[in-house]
Amino acid sequence: MSENLTKYNDAFCRTFLVTAEQLPDLQYQGIEAWDSVGHMTLMGVLEEAFDIMLDPDDVIGFSSYAKGMEILGKYGITF
């Protein structure tokens, strides 16, 4: 597993208290913890982990675990 994937997975697991096995199907509001407050917490954790500042449109569009990987690719983060 790449360092970026490890950091990405860790951000989700720590923020939402989920296991790595749950990540591939994880979607915004798909679990109780990923509400609007949890979403902003995750955005902050990811910004810190990858030393980036997400564009507001990307924050809004970050609708799933998979979509997040796509969005972070725009910031030069590869998995």
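All of these numbers come straight from a predicted model, not from anything done at the bench.

Cut-offs and rules
- Residues numbered from 1 in each chain as written.
- Predicted model: local features only at pLDDT ≥ 70, side-chain atom pairs only at ≥ 80, totals over all residues.
- Heavy atoms only, no water.
- Phe/Tyr/Trp six-rings, centres within 6.5 Å; stacked < 30°, edge-to-face > 60°.
- Helix = DSSP H or I, 4+ residues; strand = E, 2+ residues; numbered from the N terminus.
- Buried < 20%, exposed > 50% of the residue type's maximum accessible area, 1.4 Å probe, protein only.
- Axes fitted to C-alpha atoms, helices over the stretch in contact; angles between N-to-C directions.
- Parallel < 35°, antiparallel > 145°, perpendicular 65-115°, else oblique.
- Left-handed = near helix turned anticlockwise from the far one by under 90°.
- Contact = heavy atoms within 4.5 Å.
- Nonpolar A, V, L, I, M, F, W, Y, C, P; charged D, E, K, R; others polar.

Visitor: Which residues make up the packing of aromatic side chains, and what values go with them?
Guide: Ring pairs (aromatic) are described by centroid distance and by the angle formed between their planes. In this structure the tally under the stated criterion is ten aromatic pairs. When the centroid spacing of 6.4 Å and the interplanar angle of 85° are considered together, the rings of F50 and F79 count as edge-to-face. In this pair, F50 is assigned in helix α2 (residues 36-50) and F79 in the segment after α4 (65-73), connecting sequence segments 29 residues apart. We classify F79 as partly exposed; its relative accessible area is 35%. Feature note: the residues Y8, F12, F16, Y28, W34, F50, F62, Y65 and F79 constitute an aromatic cluster, connected by ring pairs.

Visitor: Help me get a handle on the packing of helix α1 (residues 3-16) against α2, residues and values and all.
Guide: With their axes 10 Å apart at the nearest point, α1 and α2 run at an angle of 150° to one another. By the criterion of interaxial angle, the relationship of α1 to α2 is roughly antiparallel. Remark: the crossing between α1 and α2 carries right-handed chirality. Along its contact with α1, which presents N4, K7, Y8, A11, F12, R14, T15 and F16, the element α2 presents G38, T41, L42, V45, L46, A49 and F50. A breakdown of the residues in the contact of α1 with α2 according to their chemical character gives nine nonpolar, four polar and two charged.

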